[in-house]
Amino acid sequence: MATQYEIEHNIKFTEARRGRRVDMASFFNLLSRVAEPDMNSPEPRHNPHATPTPVDTAALFRLLQDQLQTLHATSPDANNRGFLEDLILSLDADIHDPPARIQGVSQEFVDSLDRVDRKRLRKDDDCAICKVPYLEDEYCLVVELPCKGAHRYDLECVGPWLRSKGTCPMCRQEMGKKKAVPVVEDDDEESDGDMMYA
């Protein structure tokens with residue numbers, strides 16, 4: 001199965017890539033089975049009304065947690081270790097008490113994230129998750145989230161988190177939710193009425 005990275009760049013790696021990135025193929029395979037069905041998908045489910053079991057949902061979060069633990073084991077510094085530990089611990093609640101539905105964003109949302117041009121990246125800029133400097137990668141695929149901090153990540157690193165949790169890993173701002181338009185009541189009639197009898 002081709003990774004998002006390979007699809008985006010229309011390339012196929014003949015050998016494993018170096019660095020701290022992990023293979024998330026099993027995560028995405030399970031996600032396709034437990035996420036809510038996309039009615040626009042060319043491959044609809046056999047039973048679009050079936051809901052995932054808590055065991056399946058917990059397994060999805062366990063796969064993500066396992067991958068983060070793999071990165072934690074080879075963490076280059078204390079800050080990255082602490083950040084990854086925080087992400088790992090936040091997944092415990094979803095593993096022990098799985099939500100009824102996956103709260104993550106759609107693949108369409110992930111695909112629409114703003115890509116960061118290589119020219120806008122500095123030599124020491126790196127992904128908060130894997131800590132690999134972006135420019136070390138010939139085909140870096142960096143996305144900027146629409147959060148207040150405009151946090152940047154490798155798409156491969158942040159994609160699984162967004163699809164399962166739906167928040168920015170750093171600031172935890174929810175992604176992909178439409179803001180409710182505030183309803184403004186028209187008080188002009190009442191104020192005009194008061195003026196009439198003054």
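Not measured: the values here are computed from a predicted model.

A. Seen up close, the pattern of salt bridges. Counted by the stated rule, this structure contains seven salt bridges. We note a salt bridge from Arg120 to Glu144, for which the minimum N-O separation is 3.6 Å. Residue Arg120 is located in the loop between β1 (114-115) and β2 (142-144), and its partner Glu144 is located in strand β2; the two are separated by 24 residues in the primary sequence. A relative accessible area of 46% places Arg120 in the partly exposed class.

B. Region of interest: the side chain of Ser75. Checked against the element boundaries, Ser75 lands in the loop between α3 (54-73) and α4 (78-96). Separated by 3.2 Å, the side chain of Ser75 and the backbone oxygen of Asp77 make a polar contact.

C. Expanded view of the packing of α3 against α4. Where α3 meets α4, the axes come as close as 9 Å, and the angle between the chain directions of the two elements is 165°. The angle between α3 and α4 falls in the class roughly antiparallel. The way α3 lies across α4 gives a crossing that is left-handed. Residue-level contacts link Ala58, Phe61, Arg62, Leu64, Gln65, Leu68, Gln69, Leu71 and His72 of α3 to Arg81, Leu84, Glu85, Leu87, Ile88, Leu91, Asp92, Asp94 and Ile95 of α4. Tallied by class, residues from the contact of α3 with α4 come to 10 nonpolar, three polar and five charged.

D. Layout of the side chain of Arg163. Along the chain, the position of Arg163 falls in helix α6 (residues 155-165). Buried within the structure, Arg163 lacks any salt-bridge partner; Asp111 is the closest side chain of opposite charge, at an N-O distance of 7.7 Å. Within the structure, Arg163 has its side chain in polar contact with the side chain of Gln107 (distance 3.0 Å). Those residues in contact with Arg163 that lie beyond four places of it in its chain are Phe28, Leu31, Ile102, Gly104, Val105, Ser106, Gln107 and Val110.

E. Structural context of the packing of α3 against α6. The interhelical angle for the contact between α3 and α6, taken along N-to-C directions, is 150°, at an axis separation of 11 Å. In terms of orientation, α3 and α6 fall into the roughly antiparallel class. Handedness of the crossing formed by α3 with α6: left-handed. Taken together, the residues of α6 that come into contact with α3 (itself represented by Leu60, Phe61, Leu64 and Leu68) are Pro160, Trp161, Ser164 and Lys165.

F. Geometry of helix α2 (residues 25-34). Regarding α2, the residues found buried are Phe27, Leu30, Leu31 and Val34. Angularly, the buried residues of α2 cover 105° about the axis, an arc narrow enough to put them on a single face. Looking at the buried residues of α2, the elements they touch are α3 and α6.

G. How the structure looks around the state of the cysteines. Under the definition given, this model contains zero disulfides. With no disulfide of its own, Cys127 lies 3.9 Å from the sulfur of Cys157, the closest cysteine sulfur. Here Cys168 is not disulfide-linked; the sulfur of Cys171 is the nearest cysteine sulfur, at 3.7 Å.

H. Spotlight on unusual backbone geometry. One non-glycine residue, Lys131, adopts positive backbone phi at about 65°. Among the secondary structure elements, Lys131 is positioned in the loop between β1 and β2. At Ala150, a residue that is not glycine, the phi angle is positive and equals roughly 45°. Topologically, Ala150 is positioned in the loop between β2 and β3 (152-154).

Conventions adopted
Residues numbered from 1 in each chain as written. Predicted model: local features only at pLDDT ≥ 70, side-chain atom pairs only at ≥ 80, totals over all residues. Heavy atoms only, no water. Salt bridge = Lys/Arg side-chain N within 4 Å of Asp/Glu carboxyl O. Helix = DSSP H or I, 4+ residues; strand = E, 2+ residues; numbered from the N terminus. Buried < 20%, exposed > 50% of the residue type's maximum accessible area, 1.4 Å probe, protein only. Polar contact = N/O pair within 3.5 Å; in protein donor to acceptor, adjacent residues only side chain to side chain. Axes fitted to C-alpha atoms, helices over the stretch in contact; angles between N-to-C directions. Parallel < 35°, antiparallel > 145°, perpendicular 65-115°, else oblique. Left-handed = near helix turned anticlockwise from the far one by under 90°. Contact = heavy atoms within 4.5 Å. Nonpolar A, V, L, I, M, F, W, Y, C, P; charged D, E, K, R; others polar. Lys, Arg positive; Asp, Glu negative; His and termini not counted. Arc of directions from axis to C-beta. Disulfide = S-S within 2.5 Å.

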